[in-house]
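# Coordinates in review
Here's the letter readout for the chains.
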Amino acid sequence: MSASVLKTSANLKSAEFEKNTRRIIELLTQLKNEEETIRRGGGAKAIESQHKKDRLTARERIAKLIDPGSQFFELGIYAAYEMYEEWGGAPCAGTVTGLAKVCGRTFMLIANDATVKAGAFFPMTAKKVIRAQNIAIENRIPTIYLVDSAGVFLPLQEDVFPDTDDFGRVFRNNAVMSAMGIPQITAIMGMCVAGGAYLPVMCDHILMTEGSGLFLAGPALVQAAIGQKTSAEDLGGAKMHAQISGTVDFREPDDDACLARIRALVDKIGAPNPPPFSHTTSREPLYSGEDIYGIFSSDPGKQYDMREIIARIVDASEFEEYRVEYGETLLCGYARIGGWAVGIVANQKKHVQTLARGSDQKRMEFGGVIYTESAEKAARFILDCNQNRIPLVFLHDVNGFMVGKDAEWSGIIRAGAKMVNAVANSVVPKITVICGGSFGAGNYAMCGKAYDPRFMFAWPTARFAVMSGDAAASTLAEIKLKQLERESKRVDEKQKKELIESVRATYEHQTDPRYAAARLWVDAIIDPAHTRDALIWALEAAALNPEIHEFKTGVLQT
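Below: a short report on this structure. As the structure is a computational prediction, the values presented were derived from the model and not from experiment.

### Quick look at unusual backbone geometry
Positive phi outside glycine occurs at alanine 80, with the angle close to 70°. Following the sequence through the fold, alanine 80 ends up in the loop between β1 (73–75) and β2 (95–102). In this structure, alanine 316 takes a positive phi of about 55° despite not being glycine. The topology assignment puts alanine 316 in the loop between α12 (306–310) and β9 (320–321). Taking relative accessible area as the criterion, alanine 316 reaches 10% and is therefore assigned buried.

What follows is the structure, given as structure tokens:
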């Protein structure tokens, strides 16, 4: 079988390559240092306090639970980043989530971090747990909960308790996952109180360690409510629930024994249904993933060839490009990643000289912009991938759709609507990677967060918003200046410049990928060199769900 092998023409020794490499390594170094701080949770004293209770921390428990020598693919590490600072912060939103191998099988792990406010649920904690559950639901991933939580963080209860993406949704999801046949195992390894007590009891297997507590109301609240005095152990200890209430399935002496028991239970779970997607033996790309550092440019004014990026992600650097000579600012094609067949939709950042639609006149199309032809091509390609059960991978570096008279006359809105429709109604798994810019409607057409990607990743160079920082700063500053003029306030050039810079700084901060990750708009900020690894994790997880619904688009603009 013949295949199209992508050739590289990247100059790995050029000044531009070295400049780009330095830029990304600086960003990665900063991120890794921040992540190390986040991983310390509540800090050394809180970790020491946990150990004094003869309990492991959330990360120590995960390290002992997963298969020896395997990796934990963490999701949501930046959740609640720079949030709740008036309460001392909530690193990692006080809970650790991610994918891991346990007895050779892929699991979603959700572990409360008791070093952060005793594992209490902040608003973002609930949203992070729900996001992890939603990933498990969409991909049919068996799930393990390691519970060690004081319940809702009461000062913020109004933002934790009532809404559809708040605390109660966690238990609703427990019930839905159970009905769907998704295995769930819960280990109570500390406190599990109030409404949170429903989580373990709605799972398939319940384990509990000595010294832990499971009750709807603690001793103090019980005494205040009904005047009854009781100890925590008598009220809801492991022995009581094992011998009297019959609530827990396994009573374990300590964390180590509990984790060993979980592995023993996982070992007995039946095999998942066969995946519906094509899979063969994985082959490494021909070129190093670290080359991406120098090839990619985060400078909006610079060009680079997205095929060079693809060549360092896909198996054997083989890419069957679809309609290669048409709509060239969007690359579409078939490949394999980790052996899994995929369809790739990627923004091309090179400018392209082509013929104007309906004439023989040459025109220049700008890289990173979606034109009518490229939108039509992508829409048709997405339809083909759904027809043939091929998961989709979107690689973003998009400024948006083309504007202007020529674009409008060519039917850009109609073509864009066609592409958005195809993305919105797509039934095969969609995985999104934001490499550079992801602005305006281009974000939607390339399967942004609103279009239900199974996983959404971002590089440290990612930026996404309604428009780029410079354009937004100028627009917002102009609005502010006109407001001041209406108030008869004079603004000199220096003040105008300061205003624009202030607006730009705020806007740039809000388009930073950490800002997005803090709010769970992306699941993880990944090292560009490890993009292939992240996609393999995502594809393996997606393959656990054998169900593909009938593909329908409704009214499709033609």
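Having seen the model, we can carry on.
### Some remarks on the packing of helix α4 (residues 123–139) against helix α5 (residues 167–179)
The N-to-C vectors of α4 and α5 enclose an angle of 20°; their axes lie 9 Å apart at closest approach. Judged by the angle between their axes, α4 and α5 are roughly parallel. At the point where α4 passes α5, the crossing takes the left-handed sense. Seen from α4, the contacting residues are Ala126, Val129, Ile130, Gln133, Asn134, Ala136 and Ile137; seen from α5, they are Phe167, Arg169, Val170, Asn173, Asn174 and Met177. Partitioned by chemical class, the residues of the contact of α4 with α5 number eight nonpolar, four polar and one charged.

### Notes on the nonpolar core
Ile310, Ile344 and Phe457 are the most contacted members of the largest nonpolar core, which totals 79 residues. By size, the runner-up hydrophobic cluster in this structure holds 29 residues, among which are Tyr81, Val116, Phe122 and Ala516.

### Concerning α4
Here α4 contains 17 residues, and its C-alpha end-to-end distance of 25 Å stays within 8% of the 24 Å for a straight helix at 1.5 Å per residue. One or two residues past the end of α4 sits arginine 140, with phi positive at roughly 55°.

### Focus on empty space enclosed by the protein
Applying the stated criterion across every chain, the model contains two cavities of 30 Å³ or more. A volume near 140 Å³ is recorded for the largest cavity. At the level of elements, β3 (105–112), β4 (143–149), α5 and β5 (184–193) are the ones that each hand at least two residues to the lining of the largest cavity. Broken down by element, the residue count for the lining of the largest cavity peaks at four residues, all from β4. Its residues assigned to classes, the lining of the largest cavity comprises eleven nonpolar, four polar and no charged. By volume, the second largest cavity amounts to about 70 Å³. Lining the second largest cavity, in full, are Leu75, Gly76, Thr97, Lys128, Arg131, Ala132, Ile135, Leu520, Val522 and Asp523. With four residues, the single largest contributor to the lining of the second largest cavity is α4.

### Considerations on the pairing of strand β12 (residues 352–355)
Relative to strand β13 (residues 362–365), β12 runs antiparallel, the two being bridged by four bridges. When the bridges of β13 are listed, valine 352 appears paired with glutamate 365.

### Notes on the packing of aromatic side chains
Using the criterion set out here, one finds 16 aromatic pairs in the structure. Judged by centre distance (6.5 Å) and plane angle (55°), the rings of phenylalanine 171 and tyrosine 198 are tilted. One end of the pair, phenylalanine 171, is in helix α5; the other, tyrosine 198, is in helix α6 (residues 198–201), with 27 residues separating them in the sequence. Take phenylalanine 171: its relative accessible area is 12%, and that puts it in the buried class. With a relative accessible area of 44%, tyrosine 198 lands in the partly exposed category. When the centroid spacing of 6.0 Å and the interplanar angle of 20° are considered together, the rings of phenylalanine 455 and phenylalanine 457 count as stacked. In this pair, the class of phenylalanine 455 matches that of phenylalanine 457, namely buried. Through a chain of ring-to-ring contacts, the aromatic side chains of Phe73, Phe455, Phe457 and Trp537 assemble into a single cluster. A cation over a ring is seen here: lysine 405 above tryptophan 409, with NZ or CZ 5.1 Å from the ring centre. A cation over a ring is seen here: arginine 519 above tyrosine 515, with NZ or CZ 3.6 Å from the ring centre.

### Digging into the side chain of asparagine 139
Mapping asparagine 139 onto the fold places it in helix α4. Within the local environment of asparagine 139, its side chain forms a polar contact with the backbone oxygen of isoleucine 135, the two atoms lying 2.8 Å apart. The contact partners of asparagine 139, leaving out residues within four places of it in the chain, are Arg454, Phe455, Ala541, Ala542, Leu544 and Asn545.

### Considering the pairing of strand β17 (residues 430–439)
Within β17, ten of the ten residues are buried, which leaves it mostly tucked inside the rest of the structure. Two strands pair when backbone bridges link them, and strand β15 (residues 392–398) and β17 are joined in this way by six bridges, in the parallel orientation. When the sheet's bridge partners are listed, valine 393 is paired in β17 with isoleucine 431. Note that β17 and strand β18 (residues 455–458) share four bridges and pair parallel. In the strand pairing of β18, valine 433 is matched with phenylalanine 457. Pairing of β17 with strand β19 (residues 463–465), which is carried by three bridges, proceeds in the parallel orientation. If you follow phenylalanine 439 over to β19, its bridge partner there is alanine 465.

Parameters at a glance
- Residues numbered from 1 in each chain as written.
- Predicted model: local features only at pLDDT ≥ 70, side-chain atom pairs only at ≥ 80, totals over all residues.
- Heavy atoms only, no water.
- Helix = DSSP H or I, 4+ residues; strand = E, 2+ residues; numbered from the N terminus.
- Buried < 20%, exposed > 50% of the residue type's maximum accessible area, 1.4 Å probe, protein only.
- Axes fitted to C-alpha atoms, helices over the stretch in contact; angles between N-to-C directions.
- Parallel < 35°, antiparallel > 145°, perpendicular 65-115°, else oblique.
- Left-handed = near helix turned anticlockwise from the far one by under 90°.
- Contact = heavy atoms within 4.5 Å.
- Nonpolar A, V, L, I, M, F, W, Y, C, P; charged D, E, K, R; others polar.
- Core = buried A, V, L, I, M, F, W, Y, C linked by side-chain atoms within 4.5 Å.
- Expected span 1.5 Å × (residues − 1).
- 1 Å grid on protein atoms, 1.4 Å probe; cavity = no way out; pocket = protein on both sides within 12 Å on 5 of 7 lines; lining within 4 Å.
- Points joined across faces, edges and corners; volume = space filled by probe spheres on them.
- Pairing = 2+ DSSP bridges.
- Phe/Tyr/Trp six-rings, centres within 6.5 Å; stacked < 30°, edge-to-face > 60°.
- Lys NZ or Arg CZ within 6 Å of the ring centre and 35° of its normal.
- Polar contact = N/O pair within 3.5 Å; in protein donor to acceptor, adjacent residues only side chain to side chain.

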